[in-house]
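The chain contents come next:
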Amino acid sequence: MTLLSKTFTVFGSILLAHACYSAREHTALQSPRVVTAAALSSSPAAGSVSLPVDIIIETIVSTVLIITGLVLGTKPLRPLEWRVWAGKIEREGAEGFTDGSGKVDRDYVGNPFSVLESRPNFVDIRRQRREFAEWSRQKEKFLQQGQ
Amino acid sequence: MAAERELQIAPLVQESLVHNTRTLNNLHSLTASLLGVAAGILGLESLAGFAFYISFSLLAAVLFYVLRVAPSSLPAGKSLGDTSRYFRRGGGFEFWTGGLMGGLAGFVLTWTLFYGLVRA
């Protein structure tokens, strides 16, 4: 979650909680008066309690705010086509596959052909052994000279 | 046959499809619970509540498209409203309305809960 999405979500939640509390208070205060008015006028329509417009607006605005925050907080999508996806890996590497807070996703696999690109089967092991023998011989000579 | 050949020429990454679908489903289930809270506060009843749910779920899908899909799919040459960069080709209907059924239970749960809390 980025800072922007958190701000949207928290602010929307506060507004929504306030709207909920206001609606609760409104019905609690309004219902006895409506009952008496309905008893006096005996019209069926007076029985329903309608919310004030400002609470309705507050609820809808807070809902839209929270939805925006949630959408902004979703993980970035990954390209579906193989060529687009592989191109993104080549160009951006692990940075292209982070969640909102900049951490690399746990299921990031990297280059799918990395096995082919560094083939341990094709390492020239004899040459490496020769080089190592050379190096160890030089080391020995150096140590003997030191003594 | 044509679709199969198309898939052989331009293969898809299954992990990406799973990841994207899961992201969208998470968003929709969260949104559905939130919409239930709002519908309960507004005191909606019967068809009005479901109309509220459908319209705001579609709004969430549109917001998701505008904020998440469009910024990278429009420069890639996809037309407006085309989600095939991230979701299955020809699954446009699934993208826009796929979360409706999955989130319905959560919606009704929080709707009745908050209706009872506010009005009881």
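Residues numbered from 1 in each chain as written. Chains lettered and ligands numbered in written order. Predicted model: local features only at pLDDT ≥ 70, side-chain atom pairs only at ≥ 80, totals over all residues. Heavy atoms only, no water.

Rules: UniProt positions are given in the numbering used here, feature names are shortened, and annotations may be inferred rather than shown by experiment.
Per an unreviewed UniProt entry, chain B is named ER membrane protein complex subunit 6, and its organism is Remersonia thermophila. Regarding chain B, the relevant UniProt record gives this comment under Sequence similarities (unreviewed entry): "Belongs to the EMC6 family." Turning to chain B, the UniProt annotation filed under Subcellular location (unreviewed entry) states: "Endoplasmic reticulum membrane".

The name given to chain A in an unreviewed UniProt entry is Magnesium transporter, with Remersonia thermophila as the source organism. One UniProt comment on chain A, placed under Subcellular location (unreviewed entry), says "Endomembrane system". In its Sequence similarities (unreviewed entry) section, the UniProt record describing chain A reads: "Belongs to the membrane magnesium transporter (TC 1.A.67) family."

## Points about the interface of chain B and chain A
Convention followed: A contact between two residues is defined here by any heavy atoms of the two lying within 4.5 Å. Throughout, buried area stands for the accessible area (probe radius 1.4 Å) lost by two parts on being put together, summed over both. We count a salt bridge whenever a side-chain nitrogen from Lys or Arg sits within 4 Å of a carboxyl oxygen from Asp or Glu. Here a polar contact means two N or O atoms within 3.5 Å. Within protein one must be a hydrogen donor candidate and the other an acceptor candidate, and residues neighboring in sequence count only if both atoms are side-chain atoms. Under the scheme used here, helices are H or I runs from DSSP no shorter than 4 residues and strands are E runs no shorter than 2 residues, and both carry numbers assigned from the N terminus. All amino acids are sorted into three groups, where Ala, Val, Leu, Ile, Met, Phe, Trp, Tyr, Cys and Pro are nonpolar, Asp, Glu, Lys and Arg are charged, and the leftover types, Gly among them, are polar.
Each partner contributes to the interface: chain B provides 38 residues, whereas chain A provides 33 residues. Of the roughly 3,300 Å² buried where chain B meets chain A, counting both sides, 74% is carbon and sulfur surface. Here chain B and chain A share one salt bridge between them. Between Lys78 of chain B and Glu81 of chain A there is a salt bridge, with the nearest N and O atoms lying 3.9 Å from each other. Linking chain B with chain A are 10 residue pairs in polar contact (both at pLDDT 80 or more). If you list the elements that add at least two residues to the side of chain B that touches chain A, you get helix H2 (14-42), helix H3 (47-73) and helix H4 (92-119) of chain B. In terms of residues, the side of chain B that touches chain A owes the most to one element, H2 of chain B, which gives 15 residues. By residue class, the composition of the side of chain B that touches chain A is 25 nonpolar, six polar and seven charged.

## A closer look at the pattern of salt bridges
Operational definition: With a 1.4 Å probe rolled over the protein chains alone, any residue whose accessible area is under 20% of its type maximum counts as buried; one over 50% counts as exposed, and the rest are partly exposed.
Within this structure, the stated rule accounts for five salt bridges over all chains. Its salt-bridge partner being Glu81 of chain A, residue Arg83 of chain A comes within 2.9 Å of it at the nearest N-O pair. Judged by its relative accessible area of 60%, Arg83 of chain A falls in the exposed class. Looking at Glu81 of chain A, the relative accessible area reads 10%, which means it is buried. Linked by salt bridges that have partners in common, Glu81 and Arg83 of chain A together with Lys78 of chain B make up one network.

## Observations regarding the nonpolar core
Note the following rule: In these notes, a set of buried Ala, Val, Leu, Ile, Met, Phe, Trp, Tyr and Cys residues joined through side-chain atoms within 4.5 Å is what counts as a nonpolar core.
Core analysis: the largest hydrophobic core is formed by 39 residues, its most contacted members being Ile67 of chain A together with Phe52 and Phe64 of chain B. At the level of secondary structure, the elements contributing two or more residues to this core comprise helix H1 (3-41) and helix H2 (53-72) of chain A together with H2, H3 and H4 of chain B. The leading source of residues in this core is H2 of chain B, at 10 residues. If sequence neighbours within four positions are ignored, Ile67 of chain A has contacts with Thr31, Leu34, Leu35, Phe56, Ala60 and Leu63 of chain B.

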